[in-house]
Amino acid sequence: MLAYEVGDDFMKFFYQAERGELDPFVLVFEGSVPNEKIKKEGYWAALGTDPTTGQPITSVEWIDRLAPKALAVIAAGTCATYGGIHAMSGNPTGAMGLADYLGWGWKSKAGLPIVNVPGCPVQPDNFMETILYLLFQVAGKAPMIPLDDQLRPTWLFGATVHEGCDRAGYYEQGDFAETYNSPKCLVKLGCWGPVVNCNVPKRGWMMGIGGCPNVGGICVGCTMPGFPDKFMPFMDEPPGAKLSTGLAGAYGSAIRTLRKVTNSTVNKEPKWRHARPELTSGYRPTTY
Ligand code: SF4
């Protein structure tokens, strides 16, 4: 929805880009692509009004108009990248991600593939860093942007939540939270972190603060192509977690016991030093 008073101002850039008067430009798509081409029962999302027909201009129409002219195309957020919640099984709007719509092998006129920056919402620094990388690339200052097979920048999505989680030490020691309000590993409460590609626990949400499991929230896999269908029902132990937590529990409790012994040893000074009940330092305490 655009406010009546500012809609035209906002839309003028779309028309300029379409006419080739804005060049070069980067097309950033946010939200899923509701697709009237395969769900013709209505129109689901639109921007602006076509002056010739008086009809709304649908999102897919704008993609058709602008994508071929864009220097680069970025999908921002999980809905734009893979369809997200709107693309759940049975959705009535034909919603899908941008690469599902344009095709996974699509290339911009500059030869760039679609760049996917998933997240619900997209982590702001991840998004800005990706745009910055592309600007360096088109200026000839950086090599081709490295993307994985899901078109995600590899330096942002190469590691799992688990690998960056503050609670991973508890997991390794088989020490699991049974309720919220615990600093321990949340896997038994439904955390999917071990199999989810996301750097938010490392990077935080804003100014380095946050990062779902770090602050007590289970990871529900919001950055993933299979989200949400493959991660539901939320808050149930993920498949395989019983086995892995069982193994980690057995191994972890043995490790925890041994570490307690080591911890108590290294919490004491070596015996040749002078930490003992009697004073052996030569210091003569003042007596009052
Ligand atoms: S809370 Fe989740 S991400 Fe963190 S250590 Fe446990 S399973 Fe891994």
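For the structure given in this document, a descriptive report is provided here.

Parameters at a glance
Residues numbered from 1 in each chain as written. Predicted model: local features only at pLDDT ≥ 70, side-chain atom pairs only at ≥ 80, totals over all residues. Heavy atoms only, no water. Near = heavy atom within 4 Å. Nonpolar A, V, L, I, M, F, W, Y, C, P; charged D, E, K, R; others polar. Helix = DSSP H or I, 4+ residues; strand = E, 2+ residues; numbered from the N terminus. Polar contact = N/O pair within 3.5 Å; in protein donor to acceptor, adjacent residues only side chain to side chain. Contact = heavy atoms within 4.5 Å.

## Some points on the site of the ligand
- Near the ligand you find Val161, His162, Cys165, Arg167, Ala168, Cys185, Leu186, Val187, Cys191, Gly193, Pro194 and Pro213, and these make up its full shell.
- Class assignment of the residues belonging to the shell around the ligand gives a composition of 9 nonpolar, 2 polar and 1 charged.

## Some thoughts on the side chain of glutamine 173
- Among the structural elements, glutamine 173 can be located in the loop between helix H7 (168-172) and helix H8 (200-203).
- Of the polar contacts made by the side chain of glutamine 173, one reaches the side chain of arginine 259; its length is 2.9 Å.
- Contact partners of glutamine 173, with chain neighbours within four places excluded, come to Ala248, Gly252, Ser253, Arg256 and Arg259.

## Some thoughts on unusual backbone geometry
- For the bond from phenylalanine 227 to proline 228, the omega torsion is 0°, close enough to zero to count as cis.
- The topology assignment puts proline 228 in the loop between H8 and helix H9 (241-266).
- Each neighbour pair has its own omega, and for methionine 232 with proline 233 the value is 0°, a cis peptide bond.
- Along the chain, proline 233 turns up in the loop between H8 and H9.
- The backbone phi angle of leucine 151 is positive, close to 65°, even though this residue is not glycine.
- Looking at the secondary structure, you find leucine 151 in the loop between helix H5 (124-138) and helix H6 (154-157).
- You will see that methionine 207, though not glycine, has its phi angle at about 55°, which is positive.
- For methionine 207, the position within the fold is in the loop between H8 and H9.

Scope: geometric values only; no functional claims are made or implied.
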